[in-house]
Number of protein chains: 2
Amino acid sequence: MYALGIDIGGTNTKFGIADEKGNIPYQARLKTQEFAEYADLIYALKNDLAKNFNLKDLQGIGIGAPNANYYAGTIEHAPNLPWKGILPFSADVEKIFELKSIITNDANAAALGEQVYGNAKGMKDFLVLTLGTGLGSGIVINGDLVYGKHGFAGELGHTLVSATGRHCACGKVGCLETYVSATGIRRTIYKLLADYTEPSLLRGVSYDELSTHYITEAAQKGDMIALKAFEYTGRVLGMKVSDFVVHTDPEAVFILGGLANAGDFLLKPAQLHFEKSLMPLFKDRQILLQRSGLKADDAPIVGASSLVWKYLSV
Amino acid sequence: MYALGIDIGGTNTKFGIADEKGNIPYQARLKTQEFAEYADLIYALKNDLAKNFNLKDLQGIGIGAPNANYYAGTIEHAPNLPWKGILPFSADVEKIFELKSIITNDANAAALGEQVYGNAKGMKDFLVLTLGTGLGSGIVINGDLVYGKHGFAGELGHTLVSATGRHCACGKVGCLETYVSATGIRRTIYKLLADYTEPSLLRGVSYDELSTHYITEAAQKGDMIALKAFEYTGRVLGMKVSDFVVHTDPEAVFILGGLANAGDFLLKPAQLHFEKSLMPLFKDRQILLQRSGLKADDAPIVGASSLVWKYLSV
């Protein structure tokens, strides 16, 4: 049997078929913003799928989405999606496919994926941070995802770095994701370009065009602004990870997503400042801060599909 | 049947007998620092108890202590206790009493007490912050205390307020408990007395003698320094509570302990800044920030004894 995994993002909606081993025989994507109604997106996705796959082989549907409420099956006031208000997303997917579905936020799905297919196999207490356009997080305690009273646990991207800091899309000021995310490092680059006089490859790129990939390439060439930006981003990440750790005392913290692909440029300063900032009581516990074991391209699909194996399989 | 509750503090060790309804027919205290060996403290406590109570009526022993490791039954490197290193506390209590025992950190015990006897009855997701000499915390998710991989979850007193802030007993800088605790508000008072010229009742008290109780009395008399100190302490508390909430999405956060006894002087600014700092996604959820439902004097005993009802009753 197969699971359908759907990952709703502000830019792309990725979907694919996964088996229990994490193999993905088929995957595709649609542009989220092209669908004025989310039901149209689901129909388009079903049509694409039906051409390439026998829908009768599906066990269920797992959905990762921003601001998803696991209990209610809804997506609620997601600022980066084209559909406003509270959407009964899971119920509509079930009607259209005539299959059971589970929805949760994309980072929770990634955390389950890490547990089922990635580096958290066998772990019962860990955290996954997804460093994409924003910063998402999934917290696993005693083997289970933490949803909380209202279904919104794990919004670590909106913990405070500085009360007088950067403005965040959520309406607050100084949120972690304004520093540690693809958008955050871009903001840091522009701050550094303003503060320093050194030449930099990054002076030739517009804000809108500046990607994490490009910043990483510049760092590989020794670009001082790019290196400084990773050092700063890693420092903020490491300090905040030491705060997360004293909450739930995990075995490991995994990072995933575009910014995590920068590898040691980000991880080295993050690990250094994590160790430095960690409460001494935790220092001998060898808590890991490392990259996810999921392939970046597959992670959204296997994450969402692992919801099916976790909650819908018989 | 009765449970023996023991609360090990840096100054006093409180102990008492509680029934399942939270009644405490007997309680007493010993000076922790007078015992060079912790075994002597346990023997002294047993002797005192045996004079006043039939030990055969005990079901088990619950122990709350700083830096307690729930899994190992140990107290590990607690900076405020006279005994150094890793102590097999629970095992030695069991030998001396010939009864089963459970140990956890004092704030975890308080959280269980809140669930069994206090304002968290029927709640499955909540936090308790104990504002004493330090700041302790117990996190309950899905009805269960969170211990984490190594047994040390819930050290929220050591999350970061300011990387360039006050020195903490744990060895770090800028920890929450250096601001929000009986010690923290005392430090704030001294900072304010240095910064302002206004007369204040607090100018006549030495640092060592300055108690939360005295600061509260000064605030009741309209003392500007005392009022400012509560406003500042409440602000830091409220901002950090909004950070805790996005981690585990609780139904309520309860505060307990000496500083919490200041009531609205602390709670009003804390609630204001909690609301202000909270991520908008959580704003309509009516997450409570309020005082514990436990009587301050009874809380350590009923908290520790509730470990027995939770884990040792048949």
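About the cut-offs
Residues numbered from 1 in each chain as written. Chains lettered and ligands numbered in written order. Predicted model: local features only at pLDDT ≥ 70, side-chain atom pairs only at ≥ 80, totals over all residues. Helix = DSSP H or I, 4+ residues; strand = E, 2+ residues; numbered from the N terminus. Rg over C-alpha atoms; globule rule 2.2 N^0.38 Å. Buried ≥ 20, exposed ≤ 12 C-beta atoms within 10 Å, placed from the backbone. Contact = placed C-beta atoms within 7 Å. Nonpolar A, V, L, I, M, F, W, Y, C, P; charged D, E, K, R; others polar. Least-squares fit on C-alpha atoms with pLDDT ≥ 70 in both. Core = buried A, V, L, I, M, F, W, Y, C linked by C-beta atoms within 7 Å. Pairing = 2+ DSSP bridges. Axes fitted to C-alpha atoms, helices over the stretch in contact; angles between N-to-C directions. Parallel < 35°, antiparallel > 145°, perpendicular 65-115°, else oblique. Left-handed = near helix turned anticlockwise from the far one by under 90°. Domains from an automatic or database assignment. Arc of directions from axis to C-beta.

Asker: Can you help me understand the overall build of chain A in this one?
Answerer: Across its full length, chain A holds eight helices and 13 strands. In terms of overall size, chain A behaves like a compact globule, its C-alpha atoms giving a radius of gyration of 19 Å where 314 residues would be expected to give roughly 20 Å. Per-residue burial for chain A yields a buried fraction of 54% across its 314 residues.

Asker: Which parts of the structure should I look at to understand the interface of chain A and chain B?
Answerer: When the parts of a complex come together, some accessible area is lost, and that lost area is often taken as the interface size. Each partner contributes to the interface: chain A provides 32 residues, whereas chain B provides 33 residues. No other element matches the five residues that helix H6 (residues 224-248) of chain A contributes to the side of chain A that touches chain B. Taken together, the residues of the side of chain A that touches chain B sort by class into 15 nonpolar, nine polar and eight charged.

Asker: Sorry if this is basic, but what is going on with the relation of the copies chain A and chain B here?
Answerer: One copy of the chain maps onto the second through a rotation around an axis plus a translation along that axis. At an RMSD of 0.0 Å, chain A and chain B line up after a rotation of 180 degrees and a shift of 0.0 Å along the axis. A rotation of that kind, with that shift, is consistent with a two-fold axis. Counting the interface residues of chain A, we find that 100% of their copies in chain B are interface residues as well, pointing to one common contact surface.

Asker: Which parts of the structure should I look at to understand the nonpolar core?
Answerer: One recurring pattern in soluble globular proteins: nonpolar side chains tend to sit buried together. Core analysis: the biggest nonpolar cluster contains 199 residues, and A:Ile63, A:Val253, B:Ile63 and B:Val253 have the highest contact counts within it. Once you skip the residues sitting within four places of it in the chain, A:Ile63 turns out to touch A:Ile6, A:Ile8, A:Phe89, A:Ser90, A:Val93, A:Ser101, A:Ile102, A:Ile103 and A:Ala304.

Asker: I keep staring at the sheet that holds strand S3 (residues 26-31) of chain A and nothing clicks. Help me out?
Answerer: Strands pair in a sheet through their backbones, by hydrogen bonds, and they do so in one of two ways: parallel or antiparallel. Residues and elements named next belong to chain A. Strands sit in the order S3-S2-S1-S4-S8 across an open sheet of five strands; the sheet is mixed. Each end of this open sheet is capped by a strand with a single partner; those strands are S3 and strand S8 (101-104). Neighbour-to-neighbour, the strand axes of this sheet turn through a mean angle of 15 degrees, independent of strand direction. Sheet topology places strand S4 (residues 58-64) next to S8; four bridges connect them, and they run parallel. Along S8, the bridge assignment pairs glycine 64 with threonine 104.

Asker: Before we go on, may I ask you to explain the packing of H6(A) against helix H7 (residues 264-277) of chain A in this structure?
Answerer: The relative placement of two packed helices comes down to the angle between their axes together with the axis-to-axis distance. All names here are of chain A. Packing of H6 against H7 leaves a shortest axis separation of 7 Å and a crossing angle of 40 degrees. Classified by the interaxial angle, the pair formed by H6 and H7 is oblique. The handedness of the crossing between H6 and H7 is right-handed. The segment H6 lies against H7, with Phe230, Glu231, Thr233, Gly234, Arg235, Leu237, Gly238, Met239, Val241 and Ser242 engaging Phe265, Leu266, Lys268, Pro269, Ala270, Gln271, Leu272, His273, Phe274 and Ser277.

Asker: In this structure, what is going on with the sheet that holds strand S4 (residues 58-64) of chain B? I would like to understand it.
Answerer: Residue and element names in this part refer to chain B. Here we have five strands laid out as an open sheet, ordered S3-S2-S1-S4-S8, and mixed in their pairing. Of all the strands in the sheet, just strand S3 (26-31) and strand S8 (101-104) have a single pairing partner and so form its edges. Neighbouring strand axes in the sheet, compared pairwise and without regard to direction, differ in orientation by 15 degrees on average. Examined bridge by bridge, strand S2 (residues 12-18) and S3 share six bridges and lie antiparallel to one another. Within the sheet, the bridge partner assigned to asparagine 12 lies in S3 and is lysine 31. With respect to the sheet, helix H1 (residues 38-52) is in contact with strand S1 (2-8), S2 and S3, its orientation differing from that of S3 by roughly 150 degrees.

Asker: Please explain the pairing of strand S12 (residues 252-256) of chain B as it appears in this structure.
Answerer: The two faces of a sheet get side chains in turn, since along a regular strand they alternate between them. All names here are of chain B. Taking burial as the measure, the five residues of S12 include five buried ones, the bulk of the element. Of the two faces of S12, the one lined by Ala252, Phe254 and Leu256 and the one lined by Val253 and Ile255 are each fully buried. For strand S9 (residues 126-131) and S12, the ladder comprises five bridges, and the chain directions are parallel. Bridge assignment links leucine 127 to a residue of S12, and that residue is valine 253. By the bridge criterion, four bridges tie S12 to strand S13 (residues 288-291) in an arrangement that is parallel. Residue alanine 252 lies in a different strand from S13, and its bridge partner there is leucine 288.

Asker: Teacher, can you tell me more about unusual backbone geometry here?
Answerer: Backbone geometry follows two general trends: most residues other than glycine have a negative phi, and most peptide bonds adopt the trans configuration. The residue A:Asp249 is not glycine, and still its phi comes out positive at about 50 degrees. On the neighbour-count criterion, A:Asp249 (24 C-beta atoms within 10 Å) is buried. Unlike most non-glycine residues, B:Gln286 shows phi in positive territory, near 50 degrees.

Asker: In this structure, what is going on with the domain arrangement of chain A? I would like to understand it.
Answerer: Residues and elements named next belong to chain A. Split into domains, chain A comes out as domain 1 (2-106) and domain 2 (119-291). Taken over C-alpha atoms, the centre of domain 1 sits 27 Å from the centre of domain 2. On the side of domain 2, eight residues touch domain 1, which itself brings eight residues to the contact. The class makeup of the residues in the side of domain 1 that touches domain 2 is four nonpolar, three polar and one charged.

Asker: What is the right way to look at the environment of B:Lys84 in this model?
Answerer: Looking at where B:Lys84 falls in the secondary structure, it is placed in the loop between strand S6 (74-76) and strand S7 (86-87). In this structure the C-alpha to C-alpha distance between B:Lys84 and B:Glu37, which are 47 residues apart in sequence, comes to 10.0 Å.

Asker: Hey, could you run me through helix H2 (residues 89-97) of chain B in this one?
Answerer: Residue pairs three or four apart in sequence face the same way in an α-helix, which turns once every 3.6 residues. Residues and elements named next belong to chain B. For H2, every residue scored as buried is listed here: Phe89, Ser90 and Val93. Along the long axis of H2, the arc covered by the buried residues comes to 95 degrees, so they all point the same way. Against the buried residues of H2 lie H1, S4, S6, S7 and S8.

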